[in-house]
Amino acid sequence: AASLSNMQKEETSLRKRRFDSSKPEPEHAFTRKRTGGEREQPPEEKSEAEPLLLQPGTFWLTRIVLLRCIAFIYFVAFIVALNQNKQLIGERGLMPCKQYLREVKRYVGGKINMDALSYAPTVLWFLDWSDMDTNLDNIALIGLGLSTFVLLTGIANMIVMALLWILYHSLVNVGQLWYSFGK
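Just so you know, these numbers come straight off a predicted model, no measurement behind them.

Let's talk about the environment of N138
Positionally, N138 belongs in helix 5 (residues 132-153). By relative accessible area, N138 is classed as partly exposed at 38%.

Following this line, the structure appears as structure tokens:
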């Protein structure tokens, strides 16, 4: 019984030393004061009943919402492109992009070089033009897949977002009248 009371005294003295109420507790990322004066444990030590509250100075929620909103816009744009590109800028479309690219190529000197890329920046310069409808569909499908991934997961990096931007602008830059909003 004597050793038990000695252990209790040592434990209480350790607690007093570790959590001295006269000194302010340091604020850590996962430590907050509660009304009862007890400390909250880091997430791996917490019980599942207590949710982790949002911390000031973090932007993870804003990032996820913004990425999903941008992904939704790309998703709609690529769905529309997939459904309408063949009729508007396809091989038998109202304003075929193959003819437009040939005219740009002729205008810049007959070669696909930096002048052609700067005049009409598109990945279609690097693809086979024999089946332009397939190229347009593939660009729309790849963009649709990437935007769906970002929309569902809320996860993206600079590479994924740059690919979405490049794919969409590849369609816009050959879309002529149909993609010239406000020009």
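Remarks on the pattern of salt bridges
Two side chains carrying opposite charge are able to pair once their charged atoms lie near each other. On inspection of all chains with the given rule, the structure shows one salt bridge. With its nearest N and O atoms 3.1 Å apart, the salt bridge here joins D137 to K86. Taken together, the residues span a long stretch of sequence, with D137 in helix 5 and K86 in helix 2 (residues 60-88) at a distance of 51 residues. Since its relative accessible area comes to 15%, D137 is described here as buried. K86 gets classed as partly exposed once you look at its relative accessible area, which sits at 36%.

A look at the nonpolar core
Residues F78, L124 and W125 are the most contacted members of the largest nonpolar core, which totals 35 residues. In this structure L124 touches C97, L101, W129, M132, N135, L136, I139 and V174, once residues within four positions along its chain are discounted.

Conventions we followed
Along each chain, residues carry numbers from 1 onward, in the same order as the chain's sequence is written. Thresholds applied to this predicted model are a pLDDT of at least 70 for local features of residues and 80 or more for the giving and counting of side-chain atom pairs; totals over whole chains, interfaces and linings are not thresholded and use all residues. Excluded from the side-chain calculation are hydrogens and water; included are all heavy atoms of the structure. Comment: elements are numbered from the N terminus, with helices defined as DSSP H or I runs of at least four residues and strands as E runs of at least two. Summary of the burial criterion: residues with accessible area below 20% of their type's maximum are buried, those above 50% are exposed, and those between are partly exposed, where the area comes from a 1.4 Å probe applied to protein chains only. Salt bridge, as used here, is a side-chain nitrogen of Lys or Arg placed within 4 Å of a carboxyl oxygen of Asp or Glu. In this description, a nonpolar core means a group of buried Ala, Val, Leu, Ile, Met, Phe, Trp, Tyr and Cys residues linked to one another through side-chain atoms lying within 4.5 Å. Only heavy atoms enter the contact rule, under which two residues are in contact if any of them lie within 4.5 Å.

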